[in-house]
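Survey of secondary and tertiary structure
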Amino acid sequence: DQQVKQNSPSLSVQEGRISILNCDYTNSMFDYFLWYKKYPAEGPTFLISISSIKDKNEDGRFTVFLNKSAKHLSLHIVPSQPGDSAVYFCAVPSGAGSYQLTFGKGTKLSVIP
Amino acid sequence: EAQVTQNPRYLITVTGKKLTVTCSQNMNHEYMSWYRQDPGLGLRQIYYSMNVEVTDKGDVPEGYKVSRKEKRNFPLILESPSPNQTSLYFCASSYNEKLFFGSGTQLSVL
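Structural notes, computed from the coordinates. Since the model is a prediction, treat every value here as computed from it, not as a measurement.

Let's talk about the overall build of chain A
- Of regular secondary structure, chain A possesses zero helices and eleven strands.
- When the helices and strands of chain A are listed from N to C terminus, the series reads β-β-β-β-β-β-β-β-β-β-β.
- Radius of gyration (C-alpha) of chain A: 13 Å, near the 13 Å computed for a compact globule of 113 residues.
- Judged by the C-alpha coordinates and their principal axes, chain A covers about 40 × 30 × 20 Å.
- When burial is assessed residue by residue, chain A has 46% of its 113 residues classed as buried.
- Within chain A, residue pairs in contact and separated by at least 24 positions form 53% of the contacts whose partners lie at least 6 positions apart.
- Of the roughly 5400 Å² of accessible surface on chain A, a fraction of 49% belongs to carbon and sulfur atoms.

Given below as structure tokens:
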């Protein structure tokens, strides 16, 4: 059974600074881990993922780090922009099927101009 | 344009009145799923379907039904809605782990 914890319900960051969002999971059997981003009145959209064989994946201003021994993911946004203000969900395979994901409760990021 | 379309966007109903939320995708994805989002609880899966005529329960299936008679459509049915089903619902489809979500249906059951 997979559990995913995002312990910070909210985070405020000044524009231009780094945003760090954290995620812990319990079952590390799977091959990939993902982050989704959600704006109000829209559905979540895929942001970035990382394979379990890597410890870092970078896409522009977004970098995801994976620490398998600690069962911990983090998403870094540098530099943070006001348009990054959204809810970020960590998602981890839950094992029931190849596309089954367990989502964390989300972290609401506010980037202050 | 590749998309997942849910209807309606907003729905207010009363306890016990059957309703259906439709979901359609134009990407020929085999996998489709329904989630509900509640404050403090994140996204929880209701039902999913790996292919036509194949459906299975997610984490919170009680009070819901689904059907998958054709690949593009995956309706969510509430036979007798109750107030605890007031929530924001999302349909999603995929051909891999990267889900495509619809824009959501805000349901209020009075």
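Thoughts on the pairing of strand β11 (residues 105–109) of chain B
Residue and element names in this part refer to chain B.
- Residues T105, L107 and V109 line the buried face of β11, whereas the alternating positions Q106 and S108 sit on a face that is not buried.
- As defined by bridge partners, strand β2 (residues 10–13) adjoins β11 across four bridges and the pair is classed as parallel. Directly across from L11, in β11, lies its bridge partner L107.

Structural notes on the nonpolar core
- Core analysis: the largest hydrophobic core is formed by 22 residues, its most contacted members being A:W35, A:L73, A:L75 and A:Y88.
- Elements that contribute at least two residues to this core include exactly β3 (19–25), β4 (32–38), β5 (45–51), β7 (62–67), β8 (72–77), β9 (86–93) and β11 (107–112) of chain A.
- Not counting chain neighbours up to four residues away, the residues in contact with A:Y88 comprise A:Q6, A:L21, A:W35, A:Y36, A:K37, A:L47, A:F62, A:L75, A:I77, A:G106, A:T107 and A:L109.
- Counting residues in each nonpolar core, the second largest holds 19 residues, with B:V21, B:C23, B:I46 and B:L78 among its members.

Considerations on the packing of aromatic side chains
- Overall, the coordinates contain eleven aromatic pairs over all chains when judged by the stated rule.
- Between A:F103 and B:Y35 the ring centres are 5.4 Å apart and the planes differ by 85°, which places this aromatic pair in the edge-to-face class. Of the two residues, A:F103 sits in strand β10 (residues 101–103) while B:Y35 sits in strand β4 (residues 31–38), which places them in two different chains. The pair formed by A:F103 and B:Y35 is uniform in burial state, with each residue classed as buried.
- Arranged with centres 5.8 Å apart and planes meeting at 65°, the rings of B:Y64 and B:Y89 form a pair that is edge-to-face.

Here we look at a nonpolar patch on the surface
Residues and elements named next belong to chain A.
- Taken together, the side chains of I18, I20 and V78 make up a nonpolar region of the molecular surface, amounting to roughly 230 Å² of accessible area.
- As for its position among the elements, V78 is in the loop between β8 and β9.
- Owing to a relative accessible area of 42%, V78 belongs among the partly exposed residues under this scheme.

A word on the sheet that holds strand β3 (residues 19–25) of chain B
All names here are of chain B.
- The strand order β1-β3-β8-β7 describes an open sheet built from four strands, whose pairing is antiparallel. Two strands in the sheet have a free side with no partner beyond their single neighbour: β1 (4–7) and β7 (65–66).
- Pairing of β1 with β3, which is carried by four bridges, proceeds in the antiparallel orientation. Considered in β3, the bridge of Q6 is made with C23.

Definitions and cut-offs
Residues numbered from 1 in each chain as written. Chains lettered and ligands numbered in written order. Predicted model: local features only at pLDDT ≥ 70, side-chain atom pairs only at ≥ 80, totals over all residues. Heavy atoms only, no water. Helix = DSSP H or I, 4+ residues; strand = E, 2+ residues; numbered from the N terminus. Rg over C-alpha atoms; globule rule 2.2 N^0.38 Å. Buried < 20%, exposed > 50% of the residue type's maximum accessible area, 1.4 Å probe, protein only. Contact = heavy atoms within 4.5 Å. Areas by Shrake-Rupley, 256 points an atom, 1.4 Å probe, with all protein chains shown as cover. Pairing = 2+ DSSP bridges. Core = buried A, V, L, I, M, F, W, Y, C linked by side-chain atoms within 4.5 Å. Phe/Tyr/Trp six-rings, centres within 6.5 Å; stacked < 30°, edge-to-face > 60°. Patch = residues over 30% accessible without salt bridge, like charges linked within 9 Å, V, L, I, M, F, W, Y side chains within 5 Å. Salt bridge = Lys/Arg side-chain N within 4 Å of Asp/Glu carboxyl O.

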